[in-house]
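Descriptive structure summary
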Amino acid sequence: MAASAPLPPATHPPVGPTARSGAPAIRAERLEVRYRDKFVWRNASFEVEHGEFVAVIGPNGAGKTTLFRMLLGLHWPSAGSLSVLGSAPHRGNARIGYVPQRHTIDRETHLECDKLVRLGFPGTRWGPGDRFRPTVWGPRLRLEAERDAAAQVLADVGASDLGSKSLGSLSGGELQRVFLAEALVGNPEMLLLDEPLSNLDLRRSRELVETIHGLVQARGVTTLLVAHDINPMIKCLDKVIYIANGRVATGRPSDVLTSESLSALYGVHVEVLRDSRNNIVIVGGEDDHGEEGA
Amino acid sequence: MSGSAAGPGFNWNIVTDLRSMLAFEFMRNAFEAGTIIAILAGIIGYFVVLRRASFATHALGHTGFSGAAGAVLLGVQPVYGLLVFTIATASGMAFLGNRATNRDVEIGTVLAFALGLGLLFLSLYKGYATEAYSILFGEVLGISASGVSFTFWTSLIVLAVLAMIYRPLLFASLDEDVAEAKGLPMLALNLAFMVMLAVTISIAVQIIGVLLIFALMVTPAAIAVRLTKRPLTAVLVSVSVALSATWLGLFISWYEPYPVSFFIVTIAFALYVIVRVGKALRTDASPRLFASHPHDAGPT
Ligand SMILES: Nc1ncnc2c1ncn2[C@@H]1O[C@H](COP(=O)(O)OP(=O)(O)O)[C@@H](O)[C@H]1O
Ligand SMILES: [Mg+2]
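Everything in this summary refers to the structure shown in the same document. The model shown is predicted, which means the values in this text are computed figures rather than measured ones.

Regarding its fold elements, chain A presents eight helices and 11 strands. The buried share among the 294 residues of chain A stands at 54%. At a minimum sequence separation of 6, the contacts of chain A that also span at least 24 residues come to 64%.

What follows deals with the coordination of the magnesium ion (ligand 2). Residues and elements named next belong to chain A. Around the magnesium ion (ligand 2), the donor atoms from the protein are Thr65 (OG1) and Gln101 (OE1), and they sit 2.0 to 2.2 Å away. You can see threonine 65 sitting in helix H2 (residues 64-71) and its partner glutamine 101 sitting in the loop between strand S5 (96-99) and helix H3 (113-119), a full 36 residues away along the chain. According to the relative accessible area criterion, threonine 65 is partly exposed, its value standing at 26%.

Residue and element names in this part refer to chain A. Within this structure, the stated rule accounts for 14 salt bridges over all chains. Among the salt bridges present, the one from arginine 95 reaches glutamate 189, with a minimum N-O distance of 2.9 Å. Of this pair, arginine 95 sits in the loop between strand S4 (79-84) and S5 while glutamate 189 sits in the loop between helix H5 (172-184) and strand S6 (190-194), and the two are 94 residues apart along the sequence. Residue arginine 95 shares its accessibility class with glutamate 189, and that shared class is buried.

Residue and element names in this part refer to chain A. Where burial is concerned, the two faces of S5 agree: the one with Ile96 and Tyr98 and the one with Gly97 and Val99 are both buried. Pairing of S5 with S6, which is carried by four bridges, proceeds in the parallel orientation. Bridging across to S6, tyrosine 98 finds its partner in leucine 192.

Inspection of the secondary structure assignment puts leucine 74 of chain A in the loop between H2 and S4. Setting aside anything within four residues of it in sequence, one finds leucine 74 of chain A in contact with Arg69 and Arg91 of chain A together with Glu180 and Ala181 of chain B.

With that out of the way, let us pick up a nonpolar patch on the surface. Residues Phe269, Val273, Val277 and Leu281 of chain B make up a contiguous nonpolar surface patch of about 380 Å² in total accessible area. Exposure remark for valine 273 of chain B: the relative accessible area of 34% places this residue in the partly exposed category.

What follows deals with the sheet that holds S4 of chain A. Residue and element names in this part refer to chain A. On the basis of which strands lie adjacent, the open sheet formed by three strands has the order S2-S1-S4 and antiparallel pairing. Edge strands, defined here as strands with exactly one partner in the open sheet, are strand S2 (38-48) and S4. Adjacent strand axes in the sheet meet at a mean angle of 30°, parallel and antiparallel pairs treated alike. Sheet topology places strand S1 (residues 26-35) next to S4; five bridges connect them, and they run antiparallel. Of the residues in S4, the one forming a bridge with arginine 27 is serine 83. Each of S1, S2 and S4 touches H2; the most contacted strand, S1, lies at about 115° to it.

So, on to the layout of surface pockets. The volume enclosed by the largest pocket comes to roughly 730 Å³. Secondary structure elements with two or more residues in the lining of the largest pocket: helix H4 (78-95), helix H6 (128-137), helix H7 (145-174), helix H9 (186-208) and helix H13 (260-291) of chain B. Top contributing element to the lining of the largest pocket by residue count: H6 of chain B, with six residues. In the lining of the largest pocket, the residues fall into 18 nonpolar, 10 polar and two charged. Lining the second largest pocket are 17 residues; nearest its centre among them are His110 and Ser166 of chain A together with Arg226, Lys279 and Thr283 of chain B. When residues of the lining of the second largest pocket are traced back to their parent elements, those giving at least two are helix H11 (219-227) and H13 of chain B. Counting residues per element, the lining of the second largest pocket draws most heavily on H13 of chain B, which supplies six residues. For the lining of the second largest pocket, a count of residues per class yields three nonpolar, seven polar and seven charged.

With that settled, the discussion passes to unusual backbone geometry. Trans is the prevailing form of peptide bonds, just as negative phi is the prevailing case for residues other than glycine. Residues and elements named next belong to chain A. In the Ramachandran plot, leucine 85 falls in the positive-phi region, its phi being about 50° despite a non-glycine side chain. A relative accessible area of 0% places leucine 85 in the buried class. In this structure, asparagine 187 is a non-glycine residue whose phi angle is positive, near 55°. Mapping asparagine 187 onto the fold places it in the loop between H5 and S6. In this structure asparagine 187 comes out as exposed when scored by relative accessible area, which is 56%.

In this section: the interface of chain A and chain B. Across the contact, 37 residues belong to chain A and 30 residues belong to chain B. Summed over both partners, the interface of chain A with chain B buries about 3000 Å², with 57% contributed by carbon and sulfur atoms. Considering only the side of chain A, the residues that lose the most area to chain B are Thr104, His110 and Trp126 of chain A, jointly responsible for 21% of the buried surface there. Where chain A meets chain B, there are three salt bridges. We note a salt bridge from arginine 69 of chain A to glutamate 180 of chain B, for which the minimum N-O separation is 3.8 Å. The tally of links between chain A and chain B comes to eight residue pairs in polar contact (both at pLDDT 80 or more). The leading source of residues in the side of chain A that touches chain B is H3 of chain A, at three residues. Taken together, the residues of the side of chain A that touches chain B break down into 12 nonpolar, 13 polar and 12 charged.

The subject of this paragraph is the environment of valine 273 of chain B. In this fold, valine 273 of chain B is placed in helix H13. Along the chain, valine 273 of chain B and valine 79 of chain B lie 194 residues apart, while their C-alpha atoms are 32 Å from each other.

The subject of this paragraph is the site of ligand 1. All names here are of chain A. By nearness alone, every residue bordering ligand 1 is listed as Tyr35, Lys38, Val40, Pro59, Asn60, Gly61, Ala62, Gly63, Lys64, Thr65 and Thr66. Measuring from an oxygen atom of ligand 1, one finds a side-chain N or O atom of lysine 38 at 2.7 Å. Taking glycine 63, its main chain carries an N or O atom lying 2.9 Å from an oxygen atom of ligand 1. About the coverage of ligand 1: the protein hides 60% of its 560 Å² of free accessible area. Mapped onto the shell around ligand 1, the elements with two or more residues apiece are S2 and H2.

A separate point is the sheet that holds S6 of chain A. Residue and element names in this part refer to chain A. Taken in spatial order, the six strands make up an open sheet running S5-S6-S7-S3-S8-S9, and their pairing is mixed. On the outer flanks of this sheet lie S5 and strand S9 (247-251), each paired with one strand and no other. Looking at each pair of strands side by side, their axes are set apart by 15° on average, direction ignored. Two elements, strand S8 (residues 239-244) and S9, share five bridges in a ladder whose sense is antiparallel. Each residue of the ladder has a partner; that of isoleucine 243, found in S9, is valine 248. In this fold helix H6 (residues 202-219) packs onto strand S3 (53-57), S6 and strand S7 (222-227), with an angle of close to 135° to the strand it touches most, S3.

The rules behind these values
Residues numbered from 1 in each chain as written. Chains lettered and ligands numbered in written order. Predicted model: local features only at pLDDT ≥ 70, side-chain atom pairs only at ≥ 80, totals over all residues. Heavy atoms only, no water. Helix = DSSP H or I, 4+ residues; strand = E, 2+ residues; numbered from the N terminus. Buried < 20%, exposed > 50% of the residue type's maximum accessible area, 1.4 Å probe, protein only. Contact = heavy atoms within 4.5 Å. Donors = N, O, S within 2.8 Å, 3.2 Å for Na, K, Ca; no water. Salt bridge = Lys/Arg side-chain N within 4 Å of Asp/Glu carboxyl O. Pairing = 2+ DSSP bridges. Patch = residues over 30% accessible without salt bridge, like charges linked within 9 Å, V, L, I, M, F, W, Y side chains within 5 Å. Areas by Shrake-Rupley, 256 points an atom, 1.4 Å probe, with all protein chains shown as cover. Axes fitted to C-alpha atoms, helices over the stretch in contact; angles between N-to-C directions. 1 Å grid on protein atoms, 1.4 Å probe; cavity = no way out; pocket = protein on both sides within 12 Å on 5 of 7 lines; lining within 4 Å. Points joined across faces, edges and corners; volume = space filled by probe spheres on them. Nonpolar A, V, L, I, M, F, W, Y, C, P; charged D, E, K, R; others polar. Buried area = accessible area lost by both parts, 1.4 Å probe. Polar contact = N/O pair within 3.5 Å; in protein donor to acceptor, adjacent residues only side chain to side chain. Near = heavy atom within 4 Å.

Written out as structure tokens, the structure is:
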């Protein structure tokens, strides 16, 4: 794809191994994004390979969520080209699992976790519920298959015991596991996790990262995770996408998280320090970006 | 309307009681319309609670007031004015986005304007006192046979639409961003829901009136979600509560000289209080139970 080529029209994605062997999971070339006349970031070129575990880091408002929205086909680039899993981004891509930053779910949501996870299967199906509709398999079989699959994804994220609990009664960490299970329904090839660690303490963060890393390894699912603090996951990362100051830097953590690279990104002098436990602390740059280490 | 003069007094044989009150056509009509509307309100109320759209629901009822008053002024059935005004307002809310149903200030501003408009319409109309009263508080005992049949067919359409969009709507109501990413048509769903809500409110006003719409549209579902974590069960509970309040309200009003709406809202309120207090007592009790558990005995 030529560097300044316009975005290809939405086509049906090539499915299966052909897509996997050919293009990388994500390829962005000179990508630029804005809302109306307001630039978010520009001139971003990077690739994410299949099965990589990538952290997306940057201050508030840098455009991390916007990157996800573009990958999901919910927002269009203003220039440059972007391909996801071998095709142009498009809405309703069943090969991507998504955990948004903000959910409408809160303490007042009285609903079984299992029900939310299971909505991942038929949530987009129209017509009366399967309970009332004969299908080729028979409604019961389908319901049972879905229940088993939901139990399986809940088990995969270490939340087997949460299925029958109310969403409103869960702790922050438990809730994130349920959202993760919801995203895993349908066996996606890519996971986009927007700040799943933001309300968790360091221990819970590490545990959740372990679970996610386990999924990356066991399922080979390409995973992008937006976070404020890179430390809980620094050991398992393949790549970092660092967004700040309208620019995007990508590379291995050891290459991106250096004083030189981040100073160039922010346009002011930034110091990357390591404490005695090898936690990264970034000094300078923007004040509110929360890279305070452990 | 007081029924106490019309038939024999209450005795503990419910069947005889019901038979004597259902001998009157206006009571049959009231029970039929009340049943249809309670079912519909119970179902759609679940989504209202799930989507936190209770203030929008309340406000839609009030904008319906000006529609009804305008219809009275023009000499047509109030329900048509209700439909026009509530559907227009609901569509506006839908186009503003799903979260707009939570924008208290915008909704409240439109609400005040609509009530002012309704007041103007009423003052232009001469015999306004009784008309206003029945729009504000409902007049279930005044529903005609044709009113019942209008209610029935309208409800059937709303139920059919809800059955078609049930799951996508549930998904979109619960987890907006994920549903959007999965390709659900959010605006269309939002619009369909808001219009169905408007239609339900318009016909429910006959029973309960615009001021008391909350008791039939929101309270039963609010009770239901506190009793069960399953959507389908919650819908069933919500419908049962709405039906109980309506039936019991109609039944009691036969013997007491007070308005039906008063009994319906009182029963709904009593059930709500019972459920809230019951729940509070249970959650209050549980920490004490756990405290005796050795793991939680002291700080670690
Ligand atoms: N729908 C929108 N309309 C206009 N501007 C937006 C919209 N969404 C986000 N923005 C702006 O784009 C920038 C990036 O937002 P976002 O991607 O949410 O940042 P992050 O996720 O990194 O905190 C912010 O400055 C934000 O104000
Ligand atoms: Mg964000």
